[in-house]
Structure formats: C-alpha cells, structure tokens
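Chains, contacts and geometry: an overview
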Amino acid sequence: MKLIHISDIHIHPAPILGFDPIANFEACLAHIAEFQPDADRIVITGDLTHLGQAQSYQRLKGMLEVFPLRGEQRPRLIIGNHDSRETYASVFADTKRDENGFVQWTEETPAGTFVYLDTAEPGTHAGHYCARRRAWLTGVLSEARRAGKPAWLFMHHNPIAVHVANADAIGLIEEAEFHAILREYRDTVRHIFFGHCHFTLSGQVCGIPFSAPRSTNHVCWPDFSGIVSRMGYGAFSPSYNVCFLGETGTVIHSVDFLDEHKVLWADD
Ligand SMILES: [Fe+2]
Ligand SMILES: [Fe+2]
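As a starting point, this report considers the structure included with it. Not measured: the values here are computed from a predicted model.

Here we take up the coordination of the iron ion (ligand 2). Taken together, Asp-47 (OD), Asn-81 (OD1), His-156 (NE2) and His-196 (ND1) make up the full set of protein donors to the iron ion (ligand 2), lying 2.1 to 2.2 Å away. Around the iron ion (ligand 2) sit 4 donor atoms, and with donor-metal-donor angles ranging over 85 to 166° the site reads as irregular. Here the donor residues of the iron ion (ligand 2) share one chain and are spaced in sequence as D-x33-N-x74-H-x39-H. Between the iron ion (ligand 2) and the iron ion (ligand 1), a spacing of 3.4 Å is present, and a bridge between the two is formed by Asp-47. In this pair, Asp-47 is assigned in the loop between β2 (41–45) and α2 (54–65) and Asn-81 in the loop between β3 (76–78) and α3 (85–91), connecting sequence segments 34 residues apart. There is no split in this pair, since Asp-47 and Asn-81 are both buried.

What follows is the structure, given as structure tokens:
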C-alpha cells in the first residue's frame, strides 16, 4: 500500500517567515498528482492553517476541490496546534469526530486500521492527549488487536521529545500516559506518522517506529543548542513522504518536491 504523508501546510493568505504557504501547498499537490497518481491514501497531519481562520480553511477546501485525485485518494485531514477545531469543522462539514467531539476516527485500509488522532488543545501550542482521548484510542487498538489487524497512527504532535529545545517546549504534555498505551499495544501498532516539528524525523518510541516529513512551507532547522527561545528556519527544501506499507516491512522516502527540476537522468 502506498501512502503519501504531508504535514504542516499552514495555509494562510500572507507569507509566513517569507514563504508563501498557498503556493507551496499547490506545488506539493501538483507534484503528487503528477508523480504519485497511484497513491492509495494521502494524509495531512495537521497544522492545516496558520491561524485557524475560516478563510484559510475555505482556501484549503478550494485547493482540495480542484485536486484531481478522487475517491480514496482524497486527502485525510487531521488538526494541529495552529488549527481551530470548531472553525475547521464548520468549513469541512464531513469532519469525523469521536463521541467527545475530538477529531478522531478510524478507517480500514488494505494495510490495516488507520487511526487518526486529535492532539490539539485550545490556548496552547503543546499537544494534549487527555484521558477521554486515551480511552478512545485504547478501545480502537483493542478492537484492532481482536480483529488481528495492524494499526497505523497519525497524529500532529511528536510522540516523544526530539532533543530540540524550542520543539520540546511544545511537545506532547501527557507523554508518559501516551507511552503507556504504546507499550500495551506494541504488538498492534506498526508505525506512527506525525508532523509539528517541520524537520525530517525518524526513530522509534516504545519499540514502535515513527517518521515525519518537513513542513511544506517554513522548514525548520534541528537546533541542538538547548536554547528554547529560538527556532532555526530557512529556505530549505520542503518535503512530503512516500511510504510503502507492506506485510514484511515499511519503507519511507522523503520527496523534496520543489527540487524535481534539478533531477538529471543518467543512462545505465
Ligand atoms: Fe506546524
Ligand atoms: Fe504544530
């Protein structure tokens, strides 16, 4: 199964830190339509907009309406700390929510159960995964385990500290509680896909592999100085990930979609 993982598109009518999020996301979508027409699923792991404004969600909706891939290839959207849950749901009428109103749902795919999580919390950029959300996730993973299906988690916030001070200051608050669930369902969860940090990441948490692409707009620099108050960013290539989910393994490619014009082809 071929999954396209996009994150942190930050749709906004004006440039952010000198980068135009609308032009960049349009370039991302155009690249996917041209080079990944066989994608089975496309998921955007939050920070859909920069300020959670209705006009930005409307603009996003318009861009997705003209995106040529259809049916199961329609991008699945989850929210991040820059989003507004209620404004998002007011624009996207088909928003799926759990019984407590969080934007969480599951989907059965050829690779197993895709689990979309809501780690947003109004008033803070940090991630939250409260007891009600954890109860929902536990139920979902129990069901997947009972059915003998692998589960693949999608979330905005990084599930573990990344050793970059300004990113870890707005990480997942209930990290220990979240890890307890991961440890319990390590046999069921195959991979965790997330964003939030705006730089490429991979590793494992509680024995479960994870990955994140860069933002499609303002790409950050992993800064290990320990200085909380600064965020490195610059004109680095934005990316999305192309992920192959197989029975025997997972393969993830980072595609710097603005660099396609630099490709040279050598005859073997
Ligand atoms: Fe972001
Ligand atoms: Fe974020």
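More follows now that the structure is in view.
Here we come to the packing of aromatic side chains. To describe a pair of aromatic rings, you give the distance between the ring centres and the angle between the ring planes. Summed over all chains, the structure comprises 12 aromatic pairs. Aromatic ring contacts, followed pair by pair, group Trp-105, Phe-114, Tyr-116, Trp-152, Phe-154 and Phe-193 into a single cluster.

Taken as a whole and assessed by the stated rule, the structure comprises 16 salt bridges. Residue Glu-72 pairs with Arg-76 through a salt bridge whose shortest N-O separation is 2.8 Å. Judged by its relative accessible area of 13%, Arg-76 is buried. A salt bridge links Asp-256 to Arg-214, with the nearest nitrogen and oxygen atoms 3.1 Å apart. Remark: Arg-214 occurs in the loop between β9 (208–212) and β10 (219–221) and Asp-256 occurs in the segment after β13 (250–255); sequence separation between them is 42 residues. Owing to a relative accessible area of 26%, Asp-256 belongs among the partly exposed residues under this scheme. Linked by salt bridges that have partners in common, Arg-41, Glu-72, Arg-76 and Glu-107 make up one network.

Rules used throughout
Residues numbered from 1 in each chain as written. Chains lettered and ligands numbered in written order. Predicted model: local features only at pLDDT ≥ 70, side-chain atom pairs only at ≥ 80, totals over all residues. Heavy atoms only, no water. Donors = N, O, S within 2.8 Å, 3.2 Å for Na, K, Ca; no water. Tetrahedral: all angles 85-135°; square planar, octahedral: opposite > 155°, others 65-115°. Helix = DSSP H or I, 4+ residues; strand = E, 2+ residues; numbered from the N terminus. Buried < 20%, exposed > 50% of the residue type's maximum accessible area, 1.4 Å probe, protein only. Phe/Tyr/Trp six-rings, centres within 6.5 Å; stacked < 30°, edge-to-face > 60°. Salt bridge = Lys/Arg side-chain N within 4 Å of Asp/Glu carboxyl O.

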